[in-house]
Amino acid sequence: MASVASKKAKKKEKSKSKSKERLSLSELKTLGHELLSSRAHINNLPILLSYVSPTSPPPLALESLLSLHSFFAPILPDLPSSSSKPPSSTNHDDPDFIYNTWLRSKFDLFVNSLIEFAASPFSDQTLKEVVLDTTMEFVKVGNGGRFHSAIYHRLLHAIVHSTASVNFVVDLLVSKYFKYIDIRYFTYISLEKLARTLDSNDESHSRAGVELLIRNVHYIVSRIPPLEGLESDYEMWSRSGFLSKRSDSKELSGNPKAENRQLQTEKEDNNVLSAAKIAKKMKLKFTKAWISFLRLQLPLDVYKEVLVSLHQAVIPYLSNPIMLCDFLTRSYDIGGVVSVMALSSLFVLMTQYGLEYPNFYEKLYALLVPSIFMAKHRAKFFQLLDSCLKSSLLPAYLAAAFAKRLSRLSLSVPPSGALVIIALIHNLLRRHPSINCLVHREIGDETAKDNSKAEGGDSETGTDMSSRKLGIDHFDNEQSNPIKSKAMKSSLWEIDTLRHHYCPPVSRFVLSLENDLTVRAKTTEIAVKDFSSGSYATIFGDEIRRRVKQVPLAFYKATPTSLFSESDFPGWTFEYDDGKEKNDDNDENEITNITDERDLSSAKRQRVESS
């Protein structure tokens, strides 16, 4: 007995020494072959597990990974579940039960190593694809043939909490696995749980750490393919699945007969469920994931990215898009660029889903500032502004306020902005004939009213009052409320100044407002999108491509005889005069002779004094 115990102790010491020493690649291959060939070499399993690490050399880690995958794949259906309890009839001292339980613990350790390898910043990127494929294979078959949501959730949790860039791993998931409907389904479930965890004000992470986690969640959720095409065709990663009511419940009990009955029932349920029900369930999970994410305190860059794509990538696929009204109204009330970005989604909710927002036009009016004409998303903003002002039910005072505000901005914006303003005012005047009084306002009525009020006093005083009111603009540009701006008492005199604009395209385009826009049969609306993305570069390019009949020449047809023509300066001549030059030469000679005579006289005086 002592000899047997000593032999076992020696074997353990040898295995420990092997695990501590760095083995070569050939030795690892030998250990892997031995493990796959016989159950007697089961002690090679912990040694191979120790090499599945981000710090291990890539060849050794790859060899250990392949050997362990080949070992666990065939025996995985026979292993007990991690959370299941053994049946009461099972003897806890049964060697097979103890052995399978130990293998299950080693499998869980192997999965943890794979997940750590995939999310670690120190792991080799060339191996991450193999590690991800192995992990997803265990997700597929690791739960008795059903989708192993626990492993997949741990994988996403590790990716989100990674301190390094997760773009490579997420891009692999997107390209290889997000085409499967069940993977997308459980991705939404996991992201919803992670977002709720971040929203619980966990103080274990700093603000910078929380922002990094939010960016990782956004990078994943924004790259999941849209829900289009689910009603016609879809692919599944696991053979049975998420469509039955038992998919979100606990794992299988471990009884083979019960598992077979449950799998058969799930197959029948999958066949019975229609594509419409699948799309409905996917929309529900999609909505929960996005609503949970939007409740977080998003960083400013992520906030802007979300607002830009929300109306196209999120709103059409929500089960109830009105749920975004609080998020969008808060964003719209912030002002500045954020309000411009939120306008697209808010406009979709108002026009397509019946959202009521009483202060919408007041906020839109406040966005009309000079800086909006230099914003990055100005093209989309001007198109939405034109669409918002298209309704024939818009009050006259509101249409006049927008027209006058735009007219005043035309004095301080670049030429490209002036072109957009002319197009917007053209459409406003055509759609709302009641504000055409702004184009040409007669002041006789107002003067008569002023004189009638002054009849009780001196006639000269009334005349002075009427003369002082001539030329006064009643429009209050500083007023943020369009109702109080007094736009209906003003006129579009700023547009008349554009007829003399220094930029030729502006002065030409403003002539379109001289037509009678009240005759709708003879006029058409101007497409604002043709001018909304203009800039100095586009105007310069259009002028270069423009064909003109006469152009200024860079050379003279005849050699000029003078610098200026006589017509430029009447009474002046610019001809060359030889006589004048001769007189100048005589004058210079006389001056020279006089200086010589003075020098001679001074020399004579010096001689007389010396004698």
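Residues numbered from 1 in each chain as written. Predicted model: local features only at pLDDT ≥ 70, side-chain atom pairs only at ≥ 80, totals over all residues. Heavy atoms only, no water.

Chemist: What exactly am I supposed to notice about the packing of aromatic side chains here?
Modeler: Between two aromatic rings, the relevant description is the distance of the centres plus the angle of the planes. Considering all chains together, one arrives at 24 aromatic pairs under this definition. Measuring from centroid to centroid gives 5.0 Å for phenylalanine 107 and phenylalanine 138, while their planes differ by 80°, and the two rings are edge-to-face. Highlighted residues: phenylalanine 107 in helix α5 (residues 95-119) and phenylalanine 138 in helix α6 (residues 125-141), separated in sequence by 31 residues. The residues phenylalanine 107 and phenylalanine 138 share a single accessibility class, namely buried. Between tyrosine 303 and phenylalanine 327, the ring centres sit 5.6 Å apart and the planes meet at 40°, which makes this aromatic pair tilted. One end of the pair, tyrosine 303, is in helix α13 (residues 300-313); the other, phenylalanine 327, is in helix α14 (residues 325-334), and 24 residues separate them in sequence. Of the two residues, tyrosine 303 and phenylalanine 327, neither departs from the other in class, the shared state being buried. Joined through ring pairs, the aromatic side chains of Tyr332, Tyr357, Phe360, Tyr361, Tyr365 and Phe402 make up one cluster. Across from the ring centre of tyrosine 219, 3.6 Å away, lies the NZ or CZ of arginine 223, which sits over that ring. (Phe/Tyr/Trp six-rings, centres within 6.5 Å; stacked < 30°, edge-to-face > 60°. Helix = DSSP H or I, 4+ residues; strand = E, 2+ residues; numbered from the N terminus. Buried < 20%, exposed > 50% of the residue type's maximum accessible area, 1.4 Å probe, protein only. Lys NZ or Arg CZ within 6 Å of the ring centre and 35° of its normal.)

Chemist: What should I look at first to understand the nonpolar core in this one?
Modeler: Here is a general trend for soluble globular proteins: nonpolar side chains tend to be buried in one another's company. Membership of the largest hydrophobic core comes to 156 residues, with the highest contact counts inside it found for Met136, Tyr152, Phe293, Leu364 and Phe381. Beyond its immediate stretch of four places on either side in the chain, leucine 364 contacts Tyr332, Leu343, Phe381, Leu385, Cys388 and Phe402. (Core = buried A, V, L, I, M, F, W, Y, C linked by side-chain atoms within 4.5 Å. Contact = heavy atoms within 4.5 Å.)

Chemist: Just to check I follow, could you spell out the environment of histidine 157 for this structure?
Modeler: Inspection of the secondary structure puts histidine 157 in helix α7 (residues 149-160). Residue classification places histidine 157 among the partly exposed residues on the basis of a relative accessible area of 35%. Separated by 42 residues in the primary sequence, histidine 157 and isoleucine 115 have C-alpha atoms spaced 9.4 Å apart.

Chemist: Just checking my understanding: could you explain the packing of α14 against helix α15 (residues 337-352) for this structure?
Modeler: Two quantities define a packed helix pair, namely the angle between the axes and the distance from one axis to the other. Contact geometry of α14 with α15 gives a least axis separation of 8 Å together with a crossing angle of 145°. Considering how the two elements wind past one another, α14 and α15 form a crossing that is left-handed. Across from Cys325, Leu328, Thr329, Ser331, Tyr332, Asp333 and Ile334 in α14, the residues of α15 making contact are Val338, Ser339, Ala342, Leu343, Ser345, Leu346 and Leu349. Grouping the constituent residues of the contact of α14 with α15 by class yields nine nonpolar, four polar and one charged. (Axes fitted to C-alpha atoms, helices over the stretch in contact; angles between N-to-C directions. Left-handed = near helix turned anticlockwise from the far one by under 90°. Nonpolar A, V, L, I, M, F, W, Y, C, P; charged D, E, K, R; others polar.)

Chemist: Got a minute to help me understand the environment of lysine 128 in this structure?
Modeler: Turning to its location among the elements, lysine 128 is positioned in helix α6. The buried category is assigned to lysine 128, whose relative accessible area is 8%. Residues lysine 128 and valine 169 lie 41 residues apart in sequence; the distance between their C-alpha atoms is 7.3 Å. Polar contacts involving the side chain of lysine 128 include one to the main-chain carbonyl oxygen of serine 120, which spans 3.5 Å. (Polar contact = N/O pair within 3.5 Å; in protein donor to acceptor, adjacent residues only side chain to side chain.)

Chemist: Before we go on, may I ask you to explain unusual backbone geometry in this structure?
Modeler: What you tend to see is this: most non-glycine residues have negative phi, and most peptide bonds are trans. A positive phi is found at lysine 486, a non-glycine position, where the angle reads about 60°. Of note, lysine 486 is situated in the loop between α21 (459-469) and α22 (493-497).

Chemist: Explanation requested: the confidence of the model for the protein chain in the structure shown.
Modeler: Scored by pLDDT, the protein chain comes out at a mean of 79, with 74% of its residues at no less than 70. Below pLDDT 50 for its whole length, residues 245-257 participates in 25 contacts with residues either more than four positions away or in separate chains. Scored below 50 in pLDDT, residues 445-468 shows eight contacts in the model against residues more than four places distant or in partner chains. (pLDDT = per-residue confidence, 0-100.)

Chemist: Before we go on, may I ask you to explain helix α10 (residues 207-221) in this structure?
Modeler: Owing to its 3.6 residues per turn, the α-helix aligns residues three or four sequence positions apart on the same side. Across its 15 residues, α10 extends 21 Å between first and last C-alpha, which sits within 8% of the 21 Å expected from 1.5 Å per residue. Contact partners of the buried residues in α10: α7, α8 (167-176), α9 (181-199), α12 (275-294) and α13. (Expected span 1.5 Å × (residues − 1).)

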